[in-house]
Amino acid sequence: METTAGGPVTARAEVAALDDYGVGTALSGLVDGPGYWTRDGSLAAIERTGRYMAGTWQPSRPDGDPGKAGEGSWARFIGRIGAVALRAAAPSTREERRERLLALLEFWAESPFADPAARLRTGVVRLAEGAPEAVRDERGAAVAVGWAGSDGRRFVELRTGEGEPPSLGTVEEAREVPRGWGSAEQLRRLVGLVRERGPAPWDPKAVGVLGEGTGLGRAAASLALAGLLQRSCVPFLDAHEREVLRLKVAEAEDGASELARLTSLERLELLADVLPEDPAELWEPGGMRAVAERLAEAWRARRGRRTTVPQRTLDAVVELGLLRLSAAEFCAAFTHPEAEPGLDAPLDTWIKNSEHGPLLTDARWDVVRFQERLHTVVPYLSWVYAELPAGDPVRDGAPGLVRLLLERLDHPGLLLRAGRPAAGVGRTVADLHERFGFRPYAGPERLDVASIDDGLTVVMDGAVDRRGYRSPPRLYFRPAYHGDDERSRTLAAATSDSGGSLDDLPLVEWLRGPACARIVERIESAALPAGAYEANPAASAPEVVARVAGSLGVEEDPAALYLQLLALPAPTDRNVRAWNGWKADRHQKAAAVLVERGLVVEDKRPRAGRKVFLPGEWIHAKKPYQPMEAWKAELIGVRRSYNGRLENPLPLPTRTLPELFAQAWALVENGSGPSM
């Protein structure tokens, strides 16, 4: 039994009742190691720690301590408790989580942690074997608040006397705590207001203020104003939370992805001082907008400001379902590429040992971020060019991004993945000596496997698993030395059949190729008026539209629609109307002309998103792949899978859209067009 001068107690009954597996979830994103928070007693342990340090609680045993709360990262709340308070007041917070947060704020207000005059330190201490985990005397108190690790123990220290407070052991790191929002009076007032009035009202205009001030997408800005929510499961918001924040499931997931690189400490620091001096202002008109302004200022001070991207562009990128980058990160790669991780400086990479075999690495793991962008922006560069309007900041930024990527690829210290050897090329490094020579790779560390390095290509033997099976060799290459020479042709021949989705070589070759150069030239030419789409042939290829109209004896609208049906992979009704600026009746009128002439057929087909189709075979596909007419698939180079379906991504384009429209019409003119 624990005792105080007032009699036997543990934690307050209302705290103990709330102290269960929900504590870690309520604090998710603001603490580290949420798995540690599934232990009973977390909230009570934080309360007892504060009371122990204040001298109002004493363990029943001389060697007792207040107990553990998570892994101890809650100590960062000192001077930053405003982050917890914002989440507790947010209307999107689930009630069972809000109760835990309010309980934390209530007993925090009674602790030394909420006293601006308290002399507090936090840090890391190494305890001697058998030493107590909590000490207190007239000079102060210290408590080890985290579990033991190789780097020592987190601790909190309070000084109440003139001399040094009692010590837990050897202090290896210590710092004064920050002084931020969250006095005892402010915390009591906020908790009282939430209990009396309910959570603060949600203000969508505040989301716009934060987005405009930071460049964050609408979803990420919403999650930030709700207390920098973290995705811990999928879907991580329930229907009520999404309704309050006015987010769809895909938007919420994308917003969480945009914020995912923030650490728990960064989240706390961003939110520490955004609440008003008087918490009642949160319930006043414009109260959340003032919070948004302060949060935007804190964000810019730490992370700078991204170019604001139109919401329609962000929404369109969200619909792409990107796996590696959030919509905002994708757009930022185009609008401000020189500030993006992995692109902001030349990158030196090398190969090191790992338990899974040779691994490509660098000093800061920027190669991962570089490849995230390489494998996302390059495959979707043609989408940006074709399906965003002229004048859009993302589309306008494409040439600058391409130039920066080419500059980074010309750095001699960059080594990237070329893939696996093609079938029949070889199963070991020994099989590849005749192609690539005998000189071994010389990196910063001695490798566990055999290797070859011919200056362009690096070959590494695969690792041997527990069954004794050796994986195929891995090939790497230095883009700076890749070109039209014998070594490059040897590499191409050795990897021609690998086609791995993680391979960098095909993307590098396309970036340096003529199709990419012509797309960049097309964007920079400003051939389109602001707001026009390259996917609209009436704007991008008017001479081709005129030839089609003249040959078929139709008006411009049916001619343009026919070209779109011939050449574009997804001419859905919604897309065509957006690209062409048509209303439904204009679109239907143009389609009716094509049906009447026998050029297209009316039908209903799964995932087509349209009502008219080219005659001939239709190839089905499941998400994320695009179903389409077989004639069109052959035109744009989409490969069928073994089962005859389209289960491969769209290939990198070999033509600009005006060239593709012209090619499609040329095939029709010479009698090779689609037919039944």
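Let us look at the structure shown here. Just so it is clear, the model here is predicted, and its values are computed rather than measured. For every chain, the first residue of its written sequence is number 1, and the numbers climb from 1 along that sequence. Per-residue local features of the predicted model are confined to residues with pLDDT of at least 70, and side-chain atom pairs are confined, for both listing and counting, to 80 or more; whole-chain, interface and lining totals are unaffected and use all residues. Hydrogens and waters are ignored; side-chain quantities use all the structure's heavy atoms.

## A look at helix H24 (residues 542-552)
Logical step 1: Regarding H24, the residues found buried are Val-544, Val-545, Val-548 and Ala-549. In an axial view of H24, the angular spread of the buried residues amounts to 135°, which keeps them on one side of the axis.
Logical step 2: In this description, contact between two residues means that some pair of their heavy atoms is separated by no more than 4.5 Å. Helix and strand definitions here come from DSSP, where helices need a minimum of 4 consecutive H or I residues and strands a minimum of 2 consecutive E residues; each element is numbered from the N-terminal end. Along its buried surface, H24 packs onto helix H23 (537-540), helix H25 (556-567) and helix H29 (657-669).
Logical step 3: Directly beyond the C-terminal end of H24, a positive phi value near 70° is found at Gly-553. We call a residue buried when its accessible area falls under 20% of the maximum for its residue type, exposed when it is over 50%, and partly exposed in between, using a 1.4 Å probe and counting protein chains only. Each direction from the helix axis to a C-beta atom contributes to the arc, which is the arc of those directions.

## Section: the sheet that holds strand E3 (residues 119-127)
Logical step 1: Here, any two strands with at least 2 DSSP bridges between them count as paired. What the 5 strands build is an open sheet, ordered E4-E5-E6-E3-E7; its pairing is antiparallel. Here the strands that pair on one side only, and so sit at the sheet edges, are strand E4 (134-137) and strand E7 (169-176). Each strand axis lies, on average, 20° off the axis of its neighbour in the sheet, ignoring direction.
Logical step 2: Note: E4 against strand E5 (residues 140-144), 4 bridges, orientation antiparallel. Bridged to Val-135 within E5 is Ala-142.
Logical step 3: The axes are straight lines fitted to the C-alpha atoms, using for helices just the contacting stretch, and the angles between their N-to-C directions are given from 0 to 180°. Each of E4, E5 and strand E6 (153-159) touches helix H3 (residues 42-54); the most contacted strand, E5, lies at about 155° to it.

## Remarks on helix H22 (residues 514-524)
Logical step 1: Along H22, the residues classified as buried are Ala-515, Cys-516, Ile-519, Val-520 and Ile-523. Seen from one end, H22 has its buried residues packed into an arc of 135°, which puts them on one side. More than 90 degrees from the buried face of H22, the exposed residues found are Pro-514 and Glu-521.
Logical step 2: The inward-facing, buried residues of H22 abut helix H16 (381-387), helix H17 (393-396), helix H18 (398-409) and helix H21 (505-511).
Logical step 3: Immediately downstream of H22, the backbone of Ala-526 shows phi near 55°, a positive value.

## Focus: the packing of helix H11 (residues 264-271) against helix H12 (residues 287-303)
Logical step 1: H12 packs onto H11 with a crossing angle of 135° between their chain directions and a minimal axis gap of 8 Å. In this view, H11 runs oblique relative to H12, as classed from their interaxial angle. Across the interface between the two elements, Glu-266, Glu-269, Leu-270 and Leu-271 from H11 touch Leu-295, Ala-298, Trp-299, Arg-302 and Arg-303 from H12.
Logical step 2: Think of it as three bins: nonpolar holds Ala, Val, Leu, Ile, Met, Phe, Trp, Tyr, Cys and Pro, charged holds Asp, Glu, Lys and Arg, and polar takes everything else, Gly as well. Partitioning the contact of H11 with H12 into residue classes produces 5 nonpolar, no polar and 4 charged. Geometric relationships in this document are graded by angle, where less than 35 degrees denotes roughly parallel, more than 145 denotes roughly antiparallel, 65 to 115 denotes roughly perpendicular, and other angles denote oblique.

By themselves, these figures tell us nothing about what the structure is for.
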